[in-house]
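Results of the structural survey
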Amino acid sequence: MAHAVKFHPSLSLLEQYTEGTLAAELALVVAAHLDFCPHCQQLRHDIEADIGCQLAQQPAAKAVGDEWQQMMEQILAAETVQPEVSTPHAADAAAVSTYIDQGQHRIEIPRSLQRLAAKRKKWRQLGGIATAKLPSGDQNHLSLLLIEPNTEVPLHTHKGLEITLVLAGEMVDEMGKYAAGDLIINTPDHTHTPKNISNEPCLCLSVLTAPLEFKQGLIRLLNPLQRFFY
Amino acid sequence: MLDRCGLTGHHAVECFRQGSAMIDQQDPSPTVALGQWEEALYVIAVHRDKQIYAELFKYFAPRLRAFGIKMFGNEQQAMEMVQDTMLNVWQKAALFDASRGCASTWIFTIARNVRFDMLRKKQSRKDDISADDLWSDGDYPEQEGSHSQQWDLYLIAEKIAPHFHALPPAQRLVMEKVYLDELSHQEVSEQLSIPLGTVKSRIRLALDRLREAIDGPRS
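Reading the values: rules and limits
- Residues numbered from 1 in each chain as written.
- Chains lettered and ligands numbered in written order.
- Predicted model: local features only at pLDDT ≥ 70, side-chain atom pairs only at ≥ 80, totals over all residues.
- Heavy atoms only, no water.
- Buried < 20%, exposed > 50% of the residue type's maximum accessible area, 1.4 Å probe, protein only.
- Helix = DSSP H or I, 4+ residues; strand = E, 2+ residues; numbered from the N terminus.
- Arc of directions from axis to C-beta.
- Contact = heavy atoms within 4.5 Å.
- Pairing = 2+ DSSP bridges.
- Axes fitted to C-alpha atoms, helices over the stretch in contact; angles between N-to-C directions.
- Parallel < 35°, antiparallel > 145°, perpendicular 65-115°, else oblique.
- pLDDT = per-residue confidence, 0-100.

**Focus: helix α4 (residues 67-77) of chain A**
Looking only at α4 of chain A, the buried set comprises W68, M71, M72, I75 and L76 of chain A. Buried residues of α4 of chain A fall within an arc of 130° about the axis and therefore sit on the same side. In the core, the buried residues of α4 of chain A are packed alongside α4 (50-72) and α5 (75-91) of chain B.

Put into structure tokens, the structure is as follows:
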């Protein structure tokens, strides 16, 4: 059977992702995890259904005067566009890359990253490790990380949280072995030395959060090394 | 589409139950039968029926606004979101698929995506992450079917079974029907005569309980 994803986002993280209240970069990592994980997809649908019913139960807000009438007339008067059956990123199909090329490697990537991957910056290489930034805000840094076979990631420190999603290949650290779809959350006081001891390259998506956000209690929300069911 | 509405009749009934108390007080005489928003969307999509749309608008726009104010803490942005969302509902009603959830769920997801892209645009960050990247429509062709089921079964066999007996009886019953008998949530809801939402809630609660049994409490 297919590889079962072992390391999942916490339920509260999934909820905030589904509500749309999570920072965009973190939401992207969750979205990419969902591309691998049917279980979390199902949870997302459950949460959406829940919020949908909350919306239906919501007491209606009063509007001033004929505000609603005007709004509705504008909507009905707007030029009708023919709805298209949505295909992933139909609008800019050309600006999508379904795989990542780095050196001699060509690795497929999940759909949630395909549009952004086409906008990645140049690869920067250090030993057996290459990184390329993806477009992101000022607060959180989003990048791809490619670890060559038999390579150890040097011990590194940072003030924010480090969230890593394995996209392809596998790696190990003191806590366990991670494969495609696994989500790893590291806090600053959590030093670890990830290694790729396999014969295939390991591609990861990585987010570094700003220290500020961490101090504001992001940690409360992201259970470190959350592994529900296991 | 009509067939699908039939299949998800329970959905509609449930939304009806949950919404009805409030509607009675606030919308005295809607011409669309309450809880039939799924059907309303279908009629809007096929017949471009402005009258039906007006009913749907009258119900959802004020609720979306209240929802938006909670999300934005700002009335003007909330109104922008309502307008954009309701425009999408009118223009894209044909994309609504009742087999994937009730009308209010679909409308919520549109509002969420509209809001996300609105905020990004205000920060002039059109180039980066968009709602389209984050919330695909949920068509995951390869994974949704057999893999998911296999994975569920695997989980039960390997990890969960030992903790099953500790679940409260009501939750255990739902879990057995869903995971061991492989019934859909809908079928369980019909068999046990409980709302679909309750089936889902019990599953979530049971899963959380199982997770805690295995993993320890969430901090």
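**With respect to the pairing of strand β4 (residues 129-133) of chain A**
All names here are of chain A. Counting buried residues in β4 gives 4 out of 5 residues, a clear majority hidden from the surface. In terms of strand pairing, strand β3 (residues 124-126) meets β4 through 3 bridges, oriented antiparallel. Residue pairing for β4: R124 is matched across the bridge by T131. Linkage of β3 to β4, two consecutive antiparallel strands, is achieved through a turn of 2 residues, within which G127 is found at a positive phi near 60°.

**Regarding the packing of helix α1 (residues 11-19) of chain A against helix α2 (residues 24-36) of chain A**
All names here are of chain A. Interhelical geometry of α1 versus α2 gives an angle of 105° and a closest axis separation of 10 Å. Comparing the axis directions of α1 and α2 gives the class roughly perpendicular. Residues L13, L14 and Y17 of α1 pack against A27, V30, A31 and L34 of α2.

**Regarding the confidence of the model for chain A**
Residues and elements named next belong to chain A. When pLDDT is averaged across chain A, the result is 79; 79% of the residues are at 70 or more. Of all the helices and strands in chain A, helix α6 (residues 211-221) carries the lowest mean pLDDT, 41, while α2 carries the highest, 94. Confidence over residues 86-91 falls short of pLDDT 50; this stretch has 8 contacts with residues more than four positions distant or in other chains.

**Some words on the sheet that holds β3 of chain A**
All names here are of chain A. Within the open sheet, the 6 strands sit side by side as β3-β4-β5-β12-β7-β10. Their pairing is antiparallel. Two strands bound the open sheet, and with one partner strand each, they are β3 and β10 (183-186). The average angle at which neighbouring strand axes cross in this sheet is 25°, direction not considered. Across 5 bridges, β4 lies against strand β5 (residues 141-147) in antiparallel orientation. When the bridges of β5 are listed, K133 appears paired with S143. Against the sheet, α2 touches β5, β7 (162-168), β10 and β12 (202-208), its axis set at about 30° to β7.

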